Amino acid sequence: MTASLPHQGSWPDGQERPVEDRRHMIRRRALTLLIIVLLIGIPAGYLVISANQSRDSGKDKEAKYSATGLTAGWPSKLQRRIYQVPIPHPAWHVAYYETNNWKTSRLYAQFETNAAGLDAYLTGLGVTRKDLKEGAVTIGARDRKVTGWKFPEEDGWYGLVHRQKNPAPTHDVVVDLSNPAYPWVYVVSRTVP
C-alpha cells in the first residue's frame, strides 16, 4: 500500500502560480549566494585574522619573557605605572628588563635624555637634582650583574635612593652627568608584591 503524498495547494484565488521569469530567477539566486557568502565568509575571515593576531601576540610575548637582559624599547605604560618609572619625553636609547619572583619584582630601565628631561624625570619621582649625591653609585652589584651595567670610577656619576612606604616601589637611581646636556639615567625600581 502506498501512502498518498500531500499536494501543494493552489493560490488563494484559484489561479495557478505564475512562472518565474529568467531575470527574477537570476536575481533571487544572486541574493541567495550573497547571503551565503556573508554568513560564512565574514566569520571565516574574522577567524583567520584573529588566529594570525593571536599567533603573533604569542610570539611577541615569548620573545619578551624569554629575554635575559635589557631589551631595547620602552616598558609598557602598565609597567611604568606599577614601578613608578616616569620615562620623560624626549628620551633616547631606552631599554628595560623586568624580573618577577615570589619575593620581589624589579624593573631595570636606562635612557638618555636632555637636561629638561632629567628634571622632569626626577620631579616625577618626587625628588630634585639637589637630592643627587655626587659619586654615589646606588645600584648594587647584583643588579649591575643582571643588566651588565658598569659604572667606572670617574667624575660625573650621581645617585640617590628613593625609598617609599610599601607597596610603593623603591628606586635606586644613577645618573651619568659627564655630558650635562645629555645625561644617562639608570634606574632599578623594586617592589614587594
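Basis of the calculations
- Residues numbered from 1 in each chain as written.
- Predicted model: local features only at pLDDT ≥ 70, side-chain atom pairs only at ≥ 80, totals over all residues.
- Heavy atoms only, no water.
- Pairing = 2+ DSSP bridges.
- Helix = DSSP H or I, 4+ residues; strand = E, 2+ residues; numbered from the N terminus.
- Buried < 20%, exposed > 50% of the residue type's maximum accessible area, 1.4 Å probe, protein only.
- Contact = heavy atoms within 4.5 Å.
- Core = buried A, V, L, I, M, F, W, Y, C linked by side-chain atoms within 4.5 Å.
- Arc of directions from axis to C-beta.
- UniProt positions renumbered as here; feature names shortened; annotations may be inferred.
- Patch = residues over 30% accessible without salt bridge, like charges linked within 9 Å, V, L, I, M, F, W, Y side chains within 5 Å.
- Areas by Shrake-Rupley, 256 points an atom, 1.4 Å probe, with all protein chains shown as cover.
- Salt bridge = Lys/Arg side-chain N within 4 Å of Asp/Glu carboxyl O.

Taking an unreviewed UniProt entry as the reference, the protein chain is identified by name as Sugar kinase belonging to Streptomyces tuirus.

As summarised here, the arrangement of the seven strands in space is S1-S2-S3-S7-S6-S5-S4, forming an open sheet in which the pairing is antiparallel. Among the strands making up the open sheet, the edge pair consists of strand S1 (71-72) and strand S4 (133-134). In terms of strand pairing, strand S2 (residues 91-100) meets strand S3 (residues 105-113) through eight bridges, oriented antiparallel. In the strand pairing of S3, Tyr96 is matched with Ala109.

Turning next to the pairing of S3. Among the nine residues in S3, nine count as buried, and that is most of the element. Counting the residues in the hairpin turn of S2 and S3 gives four residues. Across eight bridges, S3 lies against strand S7 (residues 184-191) in antiparallel orientation. Note on S7: the bridge partner recorded for Phe111 is Val185.

In this fold, Thr104 is placed in the loop between S2 and S3. A relative accessible area of 14% places Thr104 in the buried class. Residues in contact with Thr104, not counting those within four places in the same chain, are Thr99, Arg190, Thr191 and Pro193.

One finds Val85, Phe111, Tyr121, Leu122, Val173, Val175 and Val185 to be the most contacted residues of the largest nonpolar core, which totals 21 residues. Contributing elements (two or more residues each) for this core: S2, S3, helix H3 (115-125), strand S6 (170-176) and S7. Sorting elements by how many residues they give to this core places H3 first, with four residues. Residues contacting Phe111, with those up to four places away along its chain left out, are Ile87, Pro88, Ala91, Trp92, His93, Val94, Tyr121, Pro183, Trp184 and Val185. By size, the runner-up hydrophobic cluster in this structure holds nine residues, among which are Tyr108, Phe151, Val174 and Tyr186.

With that settled, consider H3. By the burial criterion, the buried members of H3 are Gly117, Leu118, Tyr121, Leu122 and Leu125. On an axial view of H3, the arc spanned by its buried residues comes to 135 degrees, and they lie on one face. Away from the buried face of H3 by more than 90 degrees, exposed residues Ala116 and Thr123 are located. Contacts made by the buried residues of H3 are with S3, strand S5 (157-162), S6 and S7. Phi turns positive, to about 95 degrees, at Gly126, one or two residues after H3.

Look at the UniProt record and you will see "transmembrane region" (unreviewed entry) annotated at residues 30-49. This span, residues 30-49, is 100% helix and 0% strand, and a straight line between its end C-alpha atoms measures 27 Å.

Taken together, the side chains of Leu31, Leu34, Ile35, Ile36, Leu38, Leu39, Ile40 and Ile42 make up a nonpolar region of the molecular surface, amounting to roughly 790 Å² of accessible area. By the element assignment, Leu31 lies in helix H1 (residues 22-65). In this structure Leu31 comes out as partly exposed when scored by relative accessible area, which is 48%.

Each regular strand carries side chains that alternate between the two faces of the sheet. Relative to S5, S4 runs antiparallel, the two sharing two bridges. Paired with Glu134 across the strands is Tyr158, a residue of S5. The pairing of S5 with S6 spans six bridges and is antiparallel. If you follow Val161 over to S6, its bridge partner there is Asp172.

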